[in-house]
Amino acid sequence: PNMNLVRDPRWGRAQEVYSEDPTLSGYLTYYFVHGSQVGNESDPKYMQAAACCKHYAAYDVESNPIDRFHFSATVDSRNMWETYMPVFRSCVQSGQAAHVMCSYNAINGVPTCGDPKLLNGILRDQWKWSGFVVSDYDAWAQIHETHNYCPNMTCAAAVGLNAGMDQEGGG
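Now for a look at the structure at hand. (Residues numbered from 1 in each chain as written. Predicted model: local features only at pLDDT ≥ 70, side-chain atom pairs only at ≥ 80, totals over all residues. Heavy atoms only, no water.)

What about unusual backbone geometry?
And then number 1: Following Lys54, the chain continues to His55 via a peptide bond in cis, the omega torsion being 0 degrees.
And then number 2: Its place among the elements puts His55 in strand 1 (residues 52-56).
And then number 3: The linkage connecting Tyr56 with the following residue, Ala57, adopts the cis geometry, with an omega of 15 degrees.
And then number 4: Position of Ala57 relative to the elements: it lies in the loop between strand 1 and strand 2 (72-73).
And then number 5: The backbone phi angle of Asn108 is positive, close to 50 degrees, even though this residue is not glycine.
And then number 6: The phi angle at Asp138 is positive, at roughly 65 degrees, despite the residue not being glycine. (Helix = DSSP H or I, 4+ residues; strand = E, 2+ residues; numbered from the N terminus.)

Concerning the sheet that holds strand 2
And then number 1: Here we have 3 strands laid out as an open sheet, ordered 2-4-5, and mixed in their pairing. The open sheet has two free edges, formed respectively by strand 2 and strand 5 (110-111), since each of these has just one partner strand.
And then number 2: Where strand 4 (residues 106-107) meets strand 5, 2 bridges bridge the pair, whose relative direction is antiparallel. Within the sheet, the bridge partner assigned to Ala106 lies in strand 5 and is Pro111. (Pairing = 2+ DSSP bridges.)

Written out as structure tokens, the structure reads:
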């Protein structure tokens with residue numbers, strides 16, 4: 001599910017998400033993921049579908065004030081943990097989603113698909129999640145091409161892999 005919060009009503013994808021409230025969105029996300037993956041609880045041995053929690057994290061822009069490929073969200077620690085992270089925590093810890101999609105944007109200057117604190121640190125070490133991380137379409141390439149976080153694609157590949165990304169989600 002698209003688990004971003006509606007922070008600006010002009011956002012073009014507001015109809016895809018549950019609400020602007022992290023707690024409500026967290027509950028709805030859990031039930032969506034659990035229902036999708038578990039389905040028939042009489043035989044939990046088989047996953048029915050692999051749910052993907054997206055767009056991790058602090059992502060809620062398309063082109064205002066800047067396009068999503070260049071955007072770097074300025075987020076302090078309190079806002080990150082009280083606003084953006086509860087829905088993802090619900091998705092990966094409670095719902096046990098199979099995978100997470102890192103987003104196009106950066107947070108405080110670090111591309112989400114190349115941020116070891118977000119991917120390995122929070123998802124895997126802190127939340128003990130064992131799923132896989134996929135980038136949004138070409139978000140891995142954006143580490144170099146739009147964020148200019150790396151001087152070349154080789155560096156971007158290494159940064160993404162070392163941060164905890166498992167798969168490129170695009171071309």
